[in-house]
Structures are given as C-alpha cells and as structure tokens.
Amino acid sequence: EDKVVQSPLSLVVHEGDTVTLNCSYEVTNFRSLLWYKQEKKAPTFLFMLTSSGIEKKSGRLSSILDKKELFSILNITATQTGDSAIYLCAHPPGGGSQGNLIFGKGTKLSVKP
Amino acid sequence: DAGVIQSPRHEVTEMGQEVTLRCKPISGHNSLFWYRQTMMRGLELLIYFNNNVPIDDSGMPEDRFSAKMPNASFSTLKIQPSEPRDSAVYFCASSLMSFNSPLHFGNGTRLTVT
C-alpha cells in the first residue's frame with residue numbers, strides 16, 4: 001500500500017535558524033513527489049519533484065528527491081515567523097493524476113521571534 | 001483569478017441533519033477533488049471528478065456521503081444524515097488534468113456536527 005511518512009511531526013525553532021523537514025514514501029509506480037505549505041487555511045503548492053538529485057529552489061526554500069532511498073527533504077534557511085505552517089508531503093498513488101494524492105500527516109513548524 | 005471558492009466557510013449542525021458543501025473550481029480546470037482533513041487522519045481524498053465525471057469515489061467513507069458535479073463550474077458534497085464523527089475541514093481542490101498541474105485548494109469548510 002502506498003504511503004507517505006513525514007518527520008518530525010512538529011518542530012519549534014527561532015528566527016534565523018535553518019530547518020530540514022523529511023518525507024519518506026513507499027509507492028508502487030512513482031511519478032512525482034509534491035510539497036505543500038498549509039497556513040491557516042488552504043494548502044498551497046510549493047514544489048513538484050520528479051527526478052533524483054535535482055534541487056528545486058524558491059527563495060529560502062529548497063527541496064530535493066532521492067528516488068533510490070525513497071525520501072525527500074525540504075530545507076528552509078534563515079527562517080522567519082511567516083514560515084510557521086504545516087508542511088505537507090504528498091504523491092499520486094499508482095502513478096495516477098496529480099490531484100489524486102496521498103498526503104503525509106505533515107510537519108508543524110513554529111518559528112519563534 | 002478568484003481561486004477555488006467554497007461555501008459555507010463554517011457549518012455547525014446537529015446529528016442527523018443533512019449537510020451540503022459547495023465548491024466552484026477555478027475556471028478552465030477540468031479536475032475537481034474533495035478532501036477531508038482531521039487531526040487523526042490528516043488530508044484524505046474522498047472523491048474526484050474529471051470533466052464532471054466521478055472517477056474514483058473509493059475514499060467516500062460510506063453511503064451517507066455523496067458528491068455531484070452537474071457542470072464544470074459547480075460541485076456539491078452532501079452528508080445525509082450527518083454524524084459527530086463527520087466533523088472535519090472539507091477541502092475542494094481543482095487542477096488541470098495534466099501531469100504537471102498542481103492542485104489548487106479552496107479555503108475549506110469547517111464542519112461541526114453536534
């Protein structure tokens with residue numbers, strides 16, 4: 001059965017710290033791995049990863065995929081209070097549509113001033 | 001772009017009552033998804049539609065749940081009768097039916113069944 005496991009479940013850091021969030025997955029027919037950020041309301045799309053070793057970057061956020069070891073990491077450098085959110089990792093099971101996703105439980109990040 | 005629009009934002013109802021949640025996807029998106037989020041189970045897919053046709057409803061918990069998409073710009077999720085364990089945030093999301101198209105979520109409906 002396809003699944004996504006995220007760690008840690010929660011994390012508290014101070015502004016300026018660098019954090020690494022982890023996502024491991026088991027999937028029968030890999031196509032992609034996605035990261036979303038959920039603040040108070042709707043999850044918003046961050047990255048889609050399809051190839052091993054290629055870093056996706058957006059400002060202070062970056063992510064990379066290791067298809068051999070079946071995991072991905074999301075890095076946030078120089079964290080700010082606005083980075084406080086739940087970060088969700090997901091993949092489409094069985095190579096299905098990008099919207100038919102299995103989500104991990106998320107990592108709740110709290111950034112203290 | 002108005003984004004995915006859901007209504008109501010909050011719904012409080014008594015056990016046994018019928019609840020209808022509504023969703024307007026982003027114009028031009030041809031896939032629509034209903035998700036449910038709880039603390040215990042996280043985000044779970046309930047059902048999704050491609051071009052208004054239900055494709056996979058295996059996530060619908062039981063017969064009390066039903067979803068329709070009468071046209072490309074509107075979908076409903078109905079719970080009848082509602083139970084306290086249905087309390088959750090229900091998200092609607094839409095996307096283009098292509099590999100590289102990410103999901104766009106609405107702001108959700110927080111349902112409380114007492």
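Look above for the structure.
Residues numbered from 1 in each chain as written. Chains lettered and ligands numbered in written order. Predicted model: local features only at pLDDT ≥ 70, side-chain atom pairs only at ≥ 80, totals over all residues. Heavy atoms only, no water.

## Describing the pattern of salt bridges
Side chains bearing opposite charge may pair, as long as their charged atoms lie close to each other. In this structure the tally under the stated criterion is 11 salt bridges over all chains. As a salt-bridge pair, A:Asp83 and A:Arg60 come within 2.8 Å of each other at their nearest N and O atoms. Of this pair, A:Asp83 sits in the loop between strand 8 (71-76) and strand 9 (85-91) while A:Arg60 sits in the loop between strand 6 (56-58) and strand 7 (61-66), and the two are 23 residues apart along the sequence. Residue classification places A:Arg60 among the partly exposed residues on the basis of a relative accessible area of 24%. B:Arg85 is the partner of B:Glu62 in a salt bridge, and the nearest nitrogen-oxygen pair spans 3.1 Å. Within this pair, whereas B:Glu62 is found in the loop between strand 6 (53-56) and strand 7 (65-71), its partner B:Arg85 is found in the loop between strand 8 (74-79) and strand 9 (88-95), the two being separated by 23 residues in sequence. The exposure class assigned to B:Glu62 is partly exposed, which follows from its relative accessible area of 26%. Several salt bridges converge on common partners, so that one network encompasses B:Glu62, B:Arg64, B:Glu83, B:Arg85 and B:Asp86. (Salt bridge = Lys/Arg side-chain N within 4 Å of Asp/Glu carboxyl O. Helix = DSSP H or I, 4+ residues; strand = E, 2+ residues; numbered from the N terminus. Buried < 20%, exposed > 50% of the residue type's maximum accessible area, 1.4 Å probe, protein only.)

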